[in-house]
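A structural walkthrough
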Amino acid sequence: NAGVMQNPRHLVRRRGQEARLRCSPMKGHSHVYWYRQLPEEGLKFMVYLQKENIIDESGMPKERFSAEFPKEGPSILRIQQVVRGDSAAYFCASSSGVGSYEQYFGPGTRLTVT
Amino acid sequence: EDKVVQSPLSLVVHEGDTVTLNCSYEVTNFRSLLWYKQEKKAPTFLFMLTSSGIEKKSGRLSSILDKKELFSILNITATQTGDSAIYLCALTGANNLFFGTGTRLTVIP
């Protein structure tokens, strides 16, 4: 039973480019969460999605960031026109659903903006 | 605003020592408290605590929650170098986990 998968593991982008981060939840999980971890800081919630729905995006920056979880395929976190401050580790987690508080994390995507 | 404070921020011990990591919190609506271990990659789930006074145990690790005093502790006995990691405490929010900044544990051979 594969765990949460994220790709790419490392991504380098120049300022102004777009970054697309992918997350496939654990088998049987339909709830996906994205977190960002800045250097020397804790994990900060960004967005919570179920299939085809954004449930809570209260942690997402208002501009340049978007997320989706289509009916088919992985969840995507998109960052447009990246800036140096976007450099961080982006983790995806999944859970089986409402009432399940256990979230299982993927290995993360480390984004570096040069 | 919900708050999770972990202490100490970092800790260096020798193999075989016992350590206690602390997590205190303030929350409007408590659902559960979770502990994770983060090495160089994904946080790995350790424990979920919902009730006061009931110890959860897994090998050399154990954890307990005190909902009256609003804290939890994570104990590791007979530490090994493989226990070196950042230990994260998190509260369950309505739709997410709210993390503390973690305790960095280093176990020296």
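Heads up: these notes are all about the structure in this document. (Residues numbered from 1 in each chain as written. Chains lettered and ligands numbered in written order. Predicted model: local features only at pLDDT ≥ 70, side-chain atom pairs only at ≥ 80, totals over all residues. Heavy atoms only, no water.)

1. Here's the deal with the interface of chain A and chain B
- Chain A puts 19 residues into the contact, and the matching count from chain B is 19 residues.
- Together, Leu43, Tyr101 and Phe105 of chain A form the three largest contributors to the area buried by chain A at its contact with chain B, with a combined 37%.
- Here chain A is connected to chain B by 3 residue pairs in polar contact (both at pLDDT 80 or more).
- Put simply, the parts of the chain that give the side of chain A that touches chain B at least two residues each are β4 (31–37), β5 (43–50), β6 (53–56) and β10 (104–105) of chain A.
- Its residues assigned to classes, the side of chain A that touches chain B shows 11 nonpolar, 4 polar and 4 charged. (Contact = heavy atoms within 4.5 Å. Buried area = accessible area lost by both parts, 1.4 Å probe. Polar contact = N/O pair within 3.5 Å; in protein donor to acceptor, adjacent residues only side chain to side chain. Helix = DSSP H or I, 4+ residues; strand = E, 2+ residues; numbered from the N terminus. Nonpolar A, V, L, I, M, F, W, Y, C, P; charged D, E, K, R; others polar.)

2. A look at the environment of Phe45 of chain B
- The residue Phe45 of chain B is located in strand β5 (residues 43–49) in this model.
- Put simply, Phe45 of chain B and Asn96 of chain B are 51 residues apart on the chain and 15 Å apart in space, counted from C-alpha to C-alpha.
- Setting aside anything within four residues of it in sequence, one finds Phe45 of chain B in contact with Glu102 and Tyr104 of chain A together with Leu34, Trp35 and Tyr36 of chain B.

3. With respect to the sheet that holds strand β1 (residues 3–7) of chain B
Residues and elements named next belong to chain B.
- Read across the open sheet, the 5 strands follow the order β1-β3-β8-β7-β6; overall the sheet is antiparallel. In the strand order of this sheet, the two ends are held by β1 and β6 (56–58), each with one partner. Averaged over all adjacent pairs, the angle separating strand axes in this sheet is 15°, with direction ignored.
- As defined by bridge partners, strand β3 (residues 19–26) adjoins strand β8 (residues 71–76) across 6 bridges and the pair is classed as antiparallel. Within β8, the position partnered with Ser24 by the bridge is Phe71. (Pairing = 2+ DSSP bridges. Axes fitted to C-alpha atoms, helices over the stretch in contact; angles between N-to-C directions.)

4. Concerning the pairing of β6 of chain A
Residues and elements named next belong to chain A.
- Bridge count for β5 against β6 is 3 bridges, and the pairing is antiparallel. Bridge pairing in β6 links Leu49 to Ile54.
- Counted between consecutive antiparallel strands, the loop separating β5 from β6 contains 2 residues, among which Glu52 sits at a positive phi close to 65°.

5. Points about the packing of aromatic side chains
- Under the criterion given, the structure shown has 10 aromatic pairs over all chains.
- When the centroid spacing of 5.3 Å and the interplanar angle of 90° are considered together, the rings of Phe105 of chain A and Tyr36 of chain B count as edge-to-face. Within this pair, whereas Phe105 of chain A is found in strand β10, its partner Tyr36 of chain B is found in strand β4 (residues 33–38), the two belonging to separate chains.
- We classify Phe105 of chain A as buried; its relative accessible area is 9%. (Phe/Tyr/Trp six-rings, centres within 6.5 Å; stacked < 30°, edge-to-face > 60°. Buried < 20%, exposed > 50% of the residue type's maximum accessible area, 1.4 Å probe, protein only.)

Everything listed here is a matter of geometry and, on its own, says nothing about what the molecule does.
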